[in-house]
Amino acid sequence: MSPGARSEGRLAALLGLPVALCVLAVAVLPMLWTVWESLHRHDLRLPWLGRPRVGLANYAEALAEARFWDALAHTLFFVLASVGLEMVLGLLLALLLHRAFRGRAALRTLALLPWAIPTVVAALVWRFLFEGAPAPGGVPWLADATLAWVPVVLADVWKTTPFVALLLLAGLQSMDEALLEAARVDGATAWRSFLHVTLPLLRPALLVALVFRTLDAFRVFDLVVVLTGGGPGTATEPLALYTFGALLQELRFGYGAALSVIAFGVGFALALAYVRLVGRR
Amino acid sequence: MTFPGSALGAEGELLAAQVERFERVHPGVRVELRRTPDAADQRHQLYVQWLAARVPDPDVLQLDVVWTAEFAAAGWIRPLELPAAARDDFFPAPLAAARWRERLYALPWFVDVGVLYWRTDLLEAPPQSFAALERQAQAALARGDVELGWIFQGARYEGLVTVFLELLAARGGAILDAEGRVVVDREPAVAALAALRDAIQVSGVAPREVLTWQEEPVRLAFQNGRALFMRNWPYAHALLRDPERSKVAGRFAVAPLPAAALGGQLLAVNAASDVPEAARLLVAFLTAPEQLRERAARLGQLPPRRSLYDDPELAEALAIPVEDALASIERAVPRPVTPLWTELSSTLQVHLHRALSGQREPREALTAAADELRRRLARAGLGADA
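Small disclaimer: the values here were computed from a predicted structure and weren't measured. (Residues numbered from 1 in each chain as written. Chains lettered and ligands numbered in written order. Predicted model: local features only at pLDDT ≥ 70, side-chain atom pairs only at ≥ 80, totals over all residues.)

## A word on the pairing of strand β11 (residues 262-269) of chain B
Residues and elements named next belong to chain B. Burial analysis of β11 places eight of its eight residues in the buried class, which makes it a mostly covered element. The alternating pattern of β11 places L262, G264, L266 and A268 on one face and G263, Q265, L267 and V269 on the opposite face, and all of these are buried. By the bridge criterion, five bridges tie strand β3 (residues 60-64) to β11 in an arrangement that is antiparallel. Across the sheet, residue L61 finds its bridge partner in β11, namely A268. By the bridge criterion, seven bridges tie strand β6 (residues 106-113) to β11 in an arrangement that is antiparallel. Residue pairing for β11: A106 is matched across the bridge by A268. (Buried ≥ 20, exposed ≤ 12 C-beta atoms within 10 Å, placed from the backbone. Helix = DSSP H or I, 4+ residues; strand = E, 2+ residues; numbered from the N terminus. Pairing = 2+ DSSP bridges.)

What follows is the structure, encoded as structure tokens:
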């Protein structure tokens, strides 16, 4: 390496330092602190117990707790149901908006509206809708352990389908029309050219949408808090809400930190899996 | 000196006026009123974070009756002295809620008791028992007189535990016994929970919507004339009486419950306060008969001092006839006094709500609840079960 390149490398490192320090301060340090906290018994309301080191006891407690496994299962179910529906409906919406018709620009803007509404506001609207007097269909949706999922998933699908559609629309618009034209000339039906031309070309956009939505849905919190509060019982309680309860309502910092670390681990694994999936194309 | 008391509406105005009077009586002491969240669990969360960090302000704290043990055991609030004469004037139940391990840590500010609202245009007399309430509600529903029979606070929160406690105490049961042992899995508890579950899931005397309702949705449903009976706190009375907004104005009355849960607020002094003497003076001032009489007259809150109930003016202001109020307070059922109450309650709420929404059988739910309560008490070093 020439002396010039080396000094340039040093300059690059120097210029990158502030960013590295910022990441360290706002991401890495709090993470490490949470891990350290999770190895202690720290209960804000029981100061006479002190803050003893307890090794992995908090993790052992979480893994032995049925409510933790329920919360994890609820979270995964929510991710599957809502993201699955959002991808299908988002694709349909994107295909629709991709066509040339009068008023397309206005419709595209309108379609984005649900996504622009703050989640808490949207959740409140859905809550009023489902517990109105009389309730839709005469069914008390939020008081039933199974039915309560309907408003939760529906509200999320309503709110984030436009986001998926927007990402996919961008993918559709960057697509080379000549390929579809060629397929048509070769006598392919609309369905076949969609299946064999559009869909493979849309793969990168689909994957990006899937990654964003999965990781977002995995952290679901505000929607559930407002709509069901995790109930009835704990039938719709996701991991983030269970963690919040342990941390900020019961003020068990050690146990709550352990739950946070577990949630981080699962989220990180999901992200890694997706990164490999995207990288392999 | 700072004091985060209820600062909303009429209550806030009255408090500001009383504090101003206090400052005139004690020149040199300045009191700053702070706004805090009105929702009990949010205020609790905020207090714990302040107190655990040992910050000296706020100096005076407004506590829910169930927080005394927790804050006193943690050493966050100061013991108080009370002259013998005043001690006899306060009702025993709220005063007991202000004690922890034989010492007094707070003074009662006002008392709340659960009461039954009933429709005088649909019934001759209120029910004397839970069974009678169910019968009357069923008959009214069958006649089509009213849309809903009995409504109460059934969402998964503290209010649900108080409703359950009222039914439980009426059957002679308890959540913890006098020695602090968990007894919520015994027969009276199973029977009480089964009765509540059946009212919602079997007979339909109570609508399933109550499982998502706290005080206000319940009050609104009753106010709009939809229900025959409502379990609520006395605060609803003034709102239901207003013919401008209420469809049941002049068509309802209040009856005492066979067993009423004790609620209400206390005043205490922050142990880390820089001005504990001034803080004690403010607590004494706000809980003196004069100030309490004013609160009762203006806000309709039940005062915690017995002597005030001889005042004929009080009768005007209160939601319930004075003799009913006295009877309700004298036999009010406190929630268990333990530093772990908020945690035990949130555990219990989950299991009760599972049973009421039909996810678990009452016995199964209470067995699981009792196991978890014992585990949590033992972990905190407070377990009384051998």
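What follows continues from the structure just given.
## Section: the interface of chain A and chain B
In this assembly, 21 residues from chain A lie in contact with 20 residues from chain B. Looking at side-chain class alone, the side of chain A that touches chain B contains twelve nonpolar, five polar and four charged residues. (Contact = placed C-beta atoms within 7 Å. Nonpolar A, V, L, I, M, F, W, Y, C, P; charged D, E, K, R; others polar.)

## Considerations on the sheet that holds β6 of chain B
Residue and element names in this part refer to chain B. Read from one edge of the open sheet, three strands run β3-β11-β6, paired in antiparallel fashion. The two strands at the open ends of the sheet, each matched to only one other strand, are β3 and β6. Across this sheet, the average inter-strand angle for adjacent strands is 20 degrees, counted without regard to direction. (Axes fitted to C-alpha atoms, helices over the stretch in contact; angles between N-to-C directions.)

## Details of the nonpolar core
With 159 residues, the main nonpolar core has Y117, W150, I151, F164, F229, L266 and A268 of chain B as its most contacted residues. Among the elements that take part in this core, helix α7 (residues 158-170) of chain B stands out by supplying eight residues, more than any other. Leaving out residues up to four positions away in the same chain, L266 of chain B has contacts with L63, V65, T68, A97, A98, A106, L107, P108 and W109 of chain B. Counting eleven residues, the second-largest nonpolar core is a separate cluster that includes L97, A165, L168 and L202 of chain A. (Core = buried A, V, L, I, M, F, W, Y, C linked by C-beta atoms within 7 Å.)

## Here we look at the sheet that holds strand β10 (residues 252-256) of chain B
Residues and elements named next belong to chain B. As summarised here, the arrangement of the four strands in space is β8-β9-β7-β10, forming an open sheet in which the pairing is mixed. Of all strands in the sheet, those bounded by a partner on one side alone are β8 (148-151) and β10. Adjacent strand axes in the sheet meet at a mean angle of 20 degrees when their direction is disregarded. Alignment of strand β7 (residues 115-119) against β10, held across five bridges, turns out to be antiparallel. For R119, the partnering residue across the bridge sits in β10 and is F252.

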